[in-house]
Amino acid sequence: MPIPRSQLAPAREMRADARHNRARILEAARETFARRGLDVPMVAIARRAGVGVATLYRRFPSRESLITEVFADELAACASVVDEALADPDPWHGFCGAIEKVCAMQVADRGFTDAFLTAFPDAVDYERTRERAERGFAEVVRRAKAAGRLRADFASADLALLLRANCGIVAGAGEGAAASRRLVAYLLQSFRADHAEPLPPPPPLTLGHMAPTSSGTPHSAARPANVRSGR
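Residues numbered from 1 in each chain as written. Predicted model: local features only at pLDDT ≥ 70, side-chain atom pairs only at ≥ 80, totals over all residues. Heavy atoms only, no water.

1. Some points on empty space enclosed by the protein
Then, number 1: Scanning the entire structure with this criterion turns up 1 cavity of 30 Å³ or more.
Then, number 2: The space that makes up the largest cavity amounts to roughly 110 Å³.
Then, number 3: The wall of the largest cavity is formed by 13 residues, among which Cys78, Val102, Phe116, Phe137 and Leu159 lie closest to the centre.
Then, number 4: Broken down by secondary-structure element, the contributors of at least two residues to the lining of the largest cavity are helix H5 (72-87), helix H6 (91-108), helix H8 (124-146) and helix H9 (156-172).
Then, number 5: The biggest single contributor to the lining of the largest cavity is H6, with 4 residues.
Then, number 6: Here the lining of the largest cavity is composed, by residue class, of 12 nonpolar, no polar and 1 charged. (1 Å grid on protein atoms, 1.4 Å probe; cavity = no way out; pocket = protein on both sides within 12 Å on 5 of 7 lines; lining within 4 Å. Points joined across faces, edges and corners; volume = space filled by probe spheres on them. Helix = DSSP H or I, 4+ residues; strand = E, 2+ residues; numbered from the N terminus. Nonpolar A, V, L, I, M, F, W, Y, C, P; charged D, E, K, R; others polar.)

Pasting the structure below:
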């Protein structure tokens, strides 16, 4: 027996309302992460989106789920940058281009650094894309070294240090884009193989485990115990 239209309409309206809330939350999170980084309280995102905290957690049960949804496109763009570097016939040019483009992405979005450098083991698709970008960049590095252009002691931790340094420049400088370009130019010159002097050993840093919150806890905080319902 067909369901009466009068019963279908409320369900359709509820689904539309849920989609609208979800879109508002994502937009608010994207804007807030870009300005303040990933440590911004979830309640601040809910307030900016104009929804209750319970509604936010109903749509996104953890901070991790919200972060990975917000930055999925940026991560895909980062992976594309690495793909372009791999396709470049000049290994050194490809390496430099990848560094410059990723650092330019940091200028546009402060939250991207933490999102890229943090591991989210429960976000399978997100992790798969990030790991592909890491493997691709490792190959970019190998080719640049094999061509004799990149210093032999360049390590993956050096990329993490570069991203952290650039993030600090962007956060503290009035002219973030100009300061970032100059910093990156300085560092790329230091990465050249010619006239490279010995360096201290790299720190034990990896790309996937460098972004704790200011309190020292992971970003993937669980849903608060007192949050149980909400539209």
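2. Quick notes on the pattern of salt bridges
Then, number 1: Scanning the entire structure with this criterion turns up 11 salt bridges.
Then, number 2: A salt bridge links lysine 101 to glutamate 84, with the shortest nitrogen-to-oxygen separation between them at 2.8 Å. Residue lysine 101 is found in helix H6, and its partner glutamate 84 is found in helix H5; the two are separated by 17 residues along the sequence.
Then, number 3: The exposure class assigned to lysine 101 is partly exposed, which follows from its relative accessible area of 40%.
Then, number 4: Classification of glutamate 84 as partly exposed rests on a relative accessible area of 45%.
Then, number 5: Among the ionic pairs, arginine 130 bridges to glutamate 127, the shortest N-O distance being 3.0 Å. In this pair, arginine 130 and glutamate 127 are both assigned in helix H8, 3 residues apart and thus about one turn of the helix distant.
Then, number 6: One salt-bridge network, in which partners are shared between bridges, spans Glu127, Arg130 and Glu134. (Salt bridge = Lys/Arg side-chain N within 4 Å of Asp/Glu carboxyl O. Buried < 20%, exposed > 50% of the residue type's maximum accessible area, 1.4 Å probe, protein only.)

3. Remarks on helix H2 (residues 42-49)
Then, number 1: Within the sequence span of H2, burial applies to Met42, Ala44, Ile45, Ala46 and Ala49.
Then, number 2: Two residues or fewer past H2, glycine 50 is found with a positive phi of approximately 75°.

4. Digging into the packing of aromatic side chains
Then, number 1: For the coordinates displayed, the defined rule picks out 7 aromatic pairs.
Then, number 2: Linked through ring pairs, Trp92, Phe95, Phe137, Phe154 and Phe191 together constitute an aromatic cluster. (Phe/Tyr/Trp six-rings, centres within 6.5 Å; stacked < 30°, edge-to-face > 60°.)

5. So, the side chain of glutamate 74
Then, number 1: For glutamate 74, the location among the structural elements is in helix H5.
Then, number 2: The buried charged residue glutamate 74 lacks any salt bridge partner; its closest oppositely charged side chain belongs to arginine 30, at an N-O distance of 4.5 Å. (Lys, Arg positive; Asp, Glu negative; His and termini not counted.)

6. Notes on H6
Then, number 1: With 18 residues, H6 extends 26 Å between its outermost C-alpha atoms, agreeing within 8% with the 26 Å of an ideal straight helix rising 1.5 Å per residue.
Then, number 2: All of the buried residues in H6 are Trp92, Gly94, Phe95, Cys96, Gly97, Ala98, Ile99, Val102, Cys103, Met105 and Gln106. (Expected span 1.5 Å × (residues − 1).)

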